[in-house]
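Descriptive analysis of the structure
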Amino acid sequence: MRGTRRTRVTTLTSSVLLALVAGPLPAAGAADARSAASDGQRPASARPVAAAALGEVAGGKDSMEMVLDASGSMAKGDGSGRTRIETARKAVGTVVDSLPDRFPTGLRVYGADKTEGCTDTRLVTPVRPLDRGGIKKAVAGVEPRGDTPIGLALRKAAADLPGTGRDALGRRTILLISDGEDNCGAPEPCAVAKELAKDGVDLRIDAIGFQVNSKARKQLRCVAEAGHGRYYDAPDADDLARELERAGRLSADGYRLRGSRVTGGTSESAPTPLTAPGQYLDTIGPDSSRWYSVELDGRSAADLAATGVPHPGAQVALLDGLTLTLRTARGRLCDREISRFRQSEGAAPLTTGVSRVPSEEGGASCDEAGTYVVELTRRTGRRSDRARWPVELRLETEAPLRKGTTPARAETDYDDRGLRLPTGTPKDVRGGTGFNDATALRAGVWRDTLLPAQTRWYRVPVGWGQRLRYDVEFANEPTSDGRNPRSTVWTSAYAPGRIPLDNGSRFQRVRPYRGQPTRVSMGTVPVAWNNRHERSTTSVEAVRRDGDYYLAVSLGADAARIAERAAVRIVLRVAVPGEAKSGPQHGAPPAATDGEAGSDGENGEAAGGGDSGPPVAALAGGGAAVLLAAGAGLWYALRRRSGTTAGTR
């Protein structure tokens, strides 16, 4: 880092804000990063291999239970020629058809067995790997009869959900569907929701109001807010099916956390050691800090990223976010990044990252070998959801080139002259929930869908001398709200080490969305070793390694007020221009491929990124192997140095 103080701020640009006003894993592994390449290339013996686990803890077991109102009022007509319970049965069938295979799901009802009584709630399908036929059959036999003991049903539902396991960070969801307020009084639903959800790490409660009056809507909204969840209003039958599907799929497709469980220190003087490169899991509460320490040698580069995972769509404020700071043991500031939502539609995963790259000249204070202290701080607005966030930490180290190796020159310019993004018929693909399970793409045209408040993740191999360039097109969608509300769409790209990439004003990465077609774009400069010493923007500096570069595509939570369909269609056009080189050294020959050349923008697959250069120690998601690179994150980024905005990060 040349020993200089550096501050980066992840935000939405001011111009976009104006437009919007007018969106133990297999645990930390100790992959060997000691052997450097002899000539700038990585010999087979030095390539990353599966790391020994420090003790396995994954993200925990996610699960969901639907709690369905079967009180007497559900026998009323819903205006479509069916009763409310008939419509609810159909909606439950729609959501179970949309859930992933084997996702643990159960169904509880209340008011179905007695004409009156405040103890009338029953588990009709236990929480177990998804049994679509069993749930449909069970709900078909539910008849509306009695009262509305919502508070009791919520308490029973929480007990039905399996635990997430010791030290795990799984997410359990209660999905409440009701056409009225609780008429039993005790236990009071809002108080029960607050009691059950507690700090919000383990349990979330969503609520759907089906043709409810203002009093019931107020109570159900209170239940959702107290349960760190989201309220969905369903005035008619189509709304119920759509909102139930959205809520169910968001629960099932939540960010899949992986890492070795740690608890960060509560002060700078007592940080928790991150003992090896890899992934770690912690939690962080509102307006609080965690401290960690890492041991770095005097020659290797290092990246440390933190991804906070709030409940999707939870209430956030413009300046809510995470700050990550890297200092020497003597307090010298080496790097800092502030990542903020800069929107109030609703929460999504938020990534911040810091780097230690030894200076060209050597001798700077942040070049020294020894202990470095990392501080992670969360800022939370007064009206924001105050659930604790799971945090996924990733530490990677990168060995230097062998002495005497001459790296290729830095690549500092974008060049789209003659570039043609792929055309043709899109291939269907389903993006991952985060960077641990991001879907592998190569150059081509791809089609996916996004729910409101959802982010999809993809990874693209980019070799030495190659660059990433892509567009995301959002489809024209029928709108469900004549008031023409607006939401946001955006995309972000990430270098190995999970460092968000800046592009200044070169590409439009975020736009307002009203249901009409729109497009966001992103690209990188070519990958070059010497980019690490370019200090203009992180769009150059961070593009210093070959490997998987990650792209994330997001749809704002307020799109739920726009689109008639449950999800919005997107098309990705991905190109990897340039010929991949076999290594970072000057004059490196082309990389060996499977016979396919690097993409020049035509439809088809690009050659993968070169598997050359110094080894990178880090633990890959899924525990199968240590990858050269990983990426994640999300929000449109502005880089600020010494308090002056310099571009996005």
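Scanning the model with the defined rule gives three disulfides in all. Two residues share a disulfide in this structure: Cys190 and Cys222, whose sulfurs sit 2.0 Å from each other. Of this pair, Cys190 sits in helix 5 (residues 189-197) while Cys222 sits in helix 6 (residues 214-226); the two residues are 32 residues apart in sequence, bridging distant segments of the chain. Overall, Cys190 belongs to the buried group, its relative accessible area being 12%. Here the bonded cysteines of the protein are numbered in sequence order, and their pairing is 1-2, 3-4, 5-6.

Here we come to the nonpolar core. A general trend in soluble globular proteins is that nonpolar side chains are found buried together. Residues Phe474, Val553 and Leu572 are the most contacted members of the largest nonpolar core, which totals 40 residues. For this core, the secondary-structure elements that each account for two or more residues are strand 20 (444-450), strand 21 (455-462), strand 22 (469-474), strand 23 (487-495), strand 26 (518-523), strand 27 (547-555) and strand 28 (568-575). The contacts of Leu572, once residues within four sequence positions are left out, are Gly444, Val445, Trp446, Tyr458, Asp471, Val472, Leu551 and Val553. Met74, Leu99, Leu240 and Leu451 belong to the second-largest nonpolar core, a separate cluster that totals 37 residues.

Relative to the assigned elements, Asp303 resides in strand 12 (residues 301-308). Among the polar contacts listed, one links the side chain of Asp303 to the side chain of Arg544, at a separation of 2.7 Å.

Working definition: an aromatic ring pair is given by the centre-to-centre distance plus the angle between the planes. Tallied over the entire structure, the rule returns seven aromatic pairs. Residues Phe341 and Trp389 carry aromatic rings whose centres are separated by 5.9 Å and whose planes lie at 75 degrees to one another, so their mutual orientation is edge-to-face. Of this pair, Phe341 sits in the loop between strand 14 (333-340) and strand 15 (350-356) while Trp389 sits in strand 17 (residues 389-398); the two residues are 48 residues apart in sequence, bridging distant segments of the chain. Both residues of the pair, Phe341 and Trp389, count as buried. Ring geometry for Tyr414 against Phe507: centres 5.5 Å apart, planes inclined by 85 degrees, an arrangement best described as edge-to-face. Remark: Phe507 occurs in the loop between strand 24 (499-500) and strand 25 (510-513) and Tyr414 occurs in the loop between strand 17 and strand 18 (427-428); sequence separation between them is 93 residues. Taken together, the aromatic side chains of Tyr255, Phe435, Trp457 and Tyr494 make up a single cluster linked through ring pairs. The side chain of Arg378 reaches across the aromatic face of Trp389, ending 4.1 Å from its centre. It is Arg506 that lies over the ring of Phe507; its NZ or CZ is 6.0 Å from the centre.

Buried within helix 3 (residues 132-140) we find Ile135, Ala138 and Val139. Projected onto a plane normal to the axis of helix 3, the buried residues spread over an arc of 95 degrees and lie on a single side. Contacts made by the buried residues of helix 3 are with strand 2 (63-69), helix 2 (84-98), strand 3 (105-110) and strand 4 (121-128).

Let us look at the sheet that holds strand 2. The six strands are arranged 4-3-2-5-6-7 in an open sheet whose pairing can be described as mixed. Looking at which strands have only one partner, the edges of the open sheet turn out to be strand 4 and strand 7 (231-234). Across the sheet, the axes of successive neighbouring strands diverge by a mean angle of 15 degrees, strand direction being ignored. Relative to strand 7, strand 6 (residues 203-210) runs parallel, the two sharing four bridges. Bridged to Gly209 within strand 7 is Asp233. Contacts from helix 4 (residues 150-160) reach strand 2, strand 3, strand 4, strand 5 (172-178) and strand 6, with the element oriented near 150 degrees to strand 5. Against the sheet, helix 6 contacts strand 5, strand 6 and strand 7, and its axis sits at roughly 165 degrees relative to strand 6.

What the rule picks out here adds up to 43 salt bridges. Between Arg447 and Asp428 there is a salt bridge, and its shortest N-O distance comes to 2.7 Å. Here Arg447 is found in strand 20, whereas its partner Asp428 is found in strand 18, with 19 residues between them in sequence. Its relative accessible area of 33% is what places Arg447 among the partly exposed residues. A salt bridge links Arg569 to Glu477, with the nearest nitrogen and oxygen atoms 3.1 Å apart. Remark: Glu477 occurs in the loop between strand 22 and strand 23 and Arg569 occurs in strand 28; sequence separation between them is 92 residues. Residue classification places Arg569 among the partly exposed positions, given a relative accessible area of 37%.

The contact between helix 2 and helix 3 brings their axes to 10 Å, and the two run at 170 degrees. Relative to helix 3, helix 2 is oriented roughly antiparallel. Here Arg89, Val92, Gly93, Val96 and Asp97 of helix 2 lie close against helix 3, whose contacting residues are Arg132, Ile135, Lys136, Val139 and Ala140.

Within strand 5, seven of the seven residues are buried, which leaves the element mostly enclosed by the surrounding structure. Side chains of strand 5 alternate between two faces, with Arg172, Ile174, Leu176 and Ser178 and Thr173, Leu175 and Ile177 buried alike. By the bridge criterion, six bridges tie strand 2 to strand 5 in an arrangement that is parallel. Directly across from Met64, in strand 5, lies its bridge partner Thr173. Sheet topology places strand 5 next to strand 6; seven bridges connect them, and they run parallel. Each bridged residue has a counterpart across the sheet, and for Thr173 the counterpart in strand 6 is Arg204. Read from strand 5 through helix 5 to strand 6, the crossover connection turns out right-handed.

The contact between helix 4 and helix 5 brings their axes to 8 Å, and the two run at 20 degrees. As summarised for this structure, helix 4 and helix 5 are arranged roughly parallel, according to the angle between their axes. For helix 4 against helix 5, the interelement crossing comes out right-handed. Touching Ile150, Gly151, Leu154, Arg155 and Ala158 of helix 4 are Pro189, Val192, Glu195 and Leu196, all from helix 5. For the contact of helix 4 with helix 5, the residue count by class is six nonpolar, one polar and two charged.

The next thing to look at is unusual backbone geometry. The peptide bond linking Ala186 to Pro187 adopts the cis configuration, its omega dihedral lying at -5 degrees. Within the element layout of this structure, Pro187 appears in the loop between strand 5 and helix 5. One non-glycine residue, Arg102, lies in positive phi territory at about 70 degrees. The topology assignment puts Arg102 in the loop between helix 2 and strand 3. Take Arg102: its relative accessible area is 60%, and that puts it in the exposed class. The residue Arg342 is not glycine, and still its phi comes out positive at about 55 degrees. Here Arg342 shows up in the loop between strand 14 and strand 15.

Conventions used here
Residues numbered from 1 in each chain as written. Predicted model: local features only at pLDDT ≥ 70, side-chain atom pairs only at ≥ 80, totals over all residues. Heavy atoms only, no water. Disulfide = S-S within 2.5 Å. Helix = DSSP H or I, 4+ residues; strand = E, 2+ residues; numbered from the N terminus. Buried < 20%, exposed > 50% of the residue type's maximum accessible area, 1.4 Å probe, protein only. Core = buried A, V, L, I, M, F, W, Y, C linked by side-chain atoms within 4.5 Å. Contact = heavy atoms within 4.5 Å. Polar contact = N/O pair within 3.5 Å; in protein donor to acceptor, adjacent residues only side chain to side chain. Phe/Tyr/Trp six-rings, centres within 6.5 Å; stacked < 30°, edge-to-face > 60°. Lys NZ or Arg CZ within 6 Å of the ring centre and 35° of its normal. Arc of directions from axis to C-beta. Pairing = 2+ DSSP bridges. Axes fitted to C-alpha atoms, helices over the stretch in contact; angles between N-to-C directions. Salt bridge = Lys/Arg side-chain N within 4 Å of Asp/Glu carboxyl O. Parallel < 35°, antiparallel > 145°, perpendicular 65-115°, else oblique. Right-handed = clockwise from strand over helix to strand, strands pointing away. Left-handed = near helix turned anticlockwise from the far one by under 90°. Nonpolar A, V, L, I, M, F, W, Y, C, P; charged D, E, K, R; others polar.

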